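Geometric and topological summary
One-letter residues, chain by chain:
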Amino acid sequence: GNEVPAVVAVRRALCNRPYCIYLFIKFPISLVSLLPVNLMSFFLRYGMKMEDWASLYFTLVLVILFASLLGTPLVWYLTRRFGKREVLMYVSGACCPFFFAFFFVPPQSFPTAVIYIAGVFVGLLTVVMFVVLDSMLADIIDYDALHTGKRSEGVYTVAETNLQQFIEVIGGVVPLLLMSAVGFENNGGCECGCGVACDEAYMRWKCPGDIGYSCDGQSTFDSPPLFGEVGRQAPCVDQGSDAVVWIIRAFLFALSGVCLLLVCLGAKIYPITKAAHSAILDATESLAAGGEATDPLTGKAVVRSAASHAQLRREHFSARELSLSSHWLKTQLSGRLLLWLGAFIAILAGMAASGGEARQYIV
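Residues numbered from 1 in each chain as written. Predicted model: local features only at pLDDT ≥ 70, side-chain atom pairs only at ≥ 80, totals over all residues. Heavy atoms only, no water.

**Describing the layout of surface pockets**
Within this model, the largest pocket holds a volume of roughly 800 Å³. Around the largest pocket, the lining is made up of 26 residues, and of these Val 10, Asn 162, Leu 163, Phe 166 and Trp 340 lie nearest the centre. Secondary structure elements with two or more residues in the lining of the largest pocket: α1 (6–14), α6 (153–172) and α12 (326–357). Considering each element in turn, the lining of the largest pocket owes the most residues, nine residues, to α12. Along the lines of polarity and charge, the residues of the lining of the largest pocket split into 20 nonpolar, three polar and three charged. (1 Å grid on protein atoms, 1.4 Å probe; cavity = no way out; pocket = protein on both sides within 12 Å on 5 of 7 lines; lining within 4 Å. Points joined across faces, edges and corners; volume = space filled by probe spheres on them. Helix = DSSP H or I, 4+ residues; strand = E, 2+ residues; numbered from the N terminus. Nonpolar A, V, L, I, M, F, W, Y, C, P; charged D, E, K, R; others polar.)

**Quick notes on unusual backbone geometry**
The backbone of Lys 49 shows a phi angle near 60 degrees, a positive value even though the residue is not glycine. For Lys 49, a relative accessible area of 22% translates into the label partly exposed. The phi dihedral of Asn 187 is positive, around 60 degrees, even though this residue is not glycine. Here Asn 187 lies in the loop between α7 (174–181) and β1 (203–207). (Buried < 20%, exposed > 50% of the residue type's maximum accessible area, 1.4 Å probe, protein only.)

**Digging into the packing of aromatic side chains**
Centre distance and the angle of the planes are the two values used to describe a pair of aromatic rings. Considering all chains together, one arrives at 17 aromatic pairs under this definition. For the ring pair Phe 42 and Tyr 46, a centre distance of 6.4 Å and an interplane angle of 35 degrees mean the geometry is tilted. Residue Phe 42 and its partner Tyr 46 are both found in helix α2 (residues 17–47); the two are separated by four residues, about one turn of the helix. Judged by its relative accessible area of 3%, Phe 42 is buried. Ring geometry for Phe 103 against Trp 246: centres 6.0 Å apart, planes inclined by 65 degrees, an arrangement best described as edge-to-face. Placement of Phe 103 in helix α4 (residues 84–104) and of Trp 246 in helix α8 (residues 242–269) is noted, with a sequence separation of 143 residues between them. Each residue in the set Phe 43, Phe 98, Phe 99, Phe 102, Phe 110, Phe 121 and Phe 253 is aromatic and connected to the rest through ring pairs, giving one cluster. When the ring centre of Phe 103 is taken as origin, the NZ or CZ atom of Arg 249, which lies over that ring, is 5.5 Å away. (Phe/Tyr/Trp six-rings, centres within 6.5 Å; stacked < 30°, edge-to-face > 60°. Lys NZ or Arg CZ within 6 Å of the ring centre and 35° of its normal.)

**Points about the nonpolar core**
Ranked by internal contacts, the top residues of the largest apolar core, which has 77 residues, are Tyr 19, Phe 43 and Leu 88. Listing elements by their share of this core, those giving two or more residues are α2, α3 (53–82), α4, α5 (112–148), α6, α7, α8 and α9 (274–288). The element contributing the most residues to this core is α5, with 17 residues. Setting aside residues up to four positions removed in sequence, Tyr 19 forms contacts with Ala 13, Leu 14, Leu 137, Ile 140, Tyr 156, Ala 159 and Glu 160. Counting seven residues, the second largest nonpolar core, distinct from the first, contains Cys 190, Trp 205, Ala 234 and Val 237. (Core = buried A, V, L, I, M, F, W, Y, C linked by side-chain atoms within 4.5 Å. Contact = heavy atoms within 4.5 Å.)

This is the structure:
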C-alpha cells in the first residue's frame, strides 16, 4: 500500500534538519516555561523565607496568565512584521540576561517586584512557545511534504510530544531528586504551618523544638506568637542545608538562562525564513503539476523516492543493522527494548520517590 510504517515516518522526521533544529529550540524553551511553575513556590518559601508564600505565588500565576493573554496579539504582530525566527531570537535574547542576574541576587534580598517581572518574562516566553513555534512546525511540515509528497502532521506532533516528556522529567523530577539528596525536608520538618493548616486553631506552626502559639487564638500569618521572640522567623521556612536553596536557584534561574541561550543559538541557525517558506510552497506546487523543483534550503533538485518494500526496509534499519543476520538483529532490537523499558521504570521510580519527599501542601 501507500502507507509508510511508523518507524520509517519517525526516522524521516528526525532526518529533517529544520525539524531537528526546531526540537533543539522547543525543549529548552519548554523547560523555561516549566521550571517557574514547579520551583517558584520552593524559592519563595525556602529562599525568600516567606511564611505566607502562597499568596504571592498565586498572584504570580495570575501575572503570568495576564502577560500571556496580553502578549499574544503583540507577539503575533511582531511575527508578521519581522519574522518568526527574529522574534524568537530577540525575545529569548532579551530575557536571558535577566535570568542570569536573578541567580546572583541573594534570595532574602530579592525584591517582590522582580518576582513579578520574572512572571512577565515567563508569560511572554509561553506565548512565543505556542504562537511562534507551532507556526514554525507548520512550515517544517510543508518542507517535509516537498520531499515526500505527503503531509505528516500526525508524525511530527506525536514525535514532538513523546520526546518533550523527557524535558518534563528534567523540569519536574530531577530538581526534587537532587533536593532530597542534599537533605530537603518537606515543610522544614514541621507538622504544620507555612500554608499547611494546624489542627489547633491557636497554632501558627508546630515544629520540633518550636510551637508557635498565637496570642489572639488565630492561626493567621500576622498573629504574634504567645511565647518566644515575637518577630522570629517561622521554622517551616528553613532547610537544614543551604544546598537545597542553591539547587532551587540553579534550576530556576541559571538553567533557565542557559536554556534561553540555546534558544537564541537555535533560532540563529534555523533555516526556514519567510522567503524560504514561500519558495518551499512554490516548489511543492511545481512538483504537483508534474514539473521539477529545487530545494530552497540546499539548492539541490528534489527527488522523491518510491515507497517500495526495499526502500522502506532501508529506511527502517540503519546500515549497520542491515549488515547483521536475522538472529543478531532480533537480539539487538530486543536488548534495546529492554533497556528503554528499564529506563522508563527508573523514571517512574524516581517520580514516586521525589513525590513523597518534596510534595507541597496548600490548605
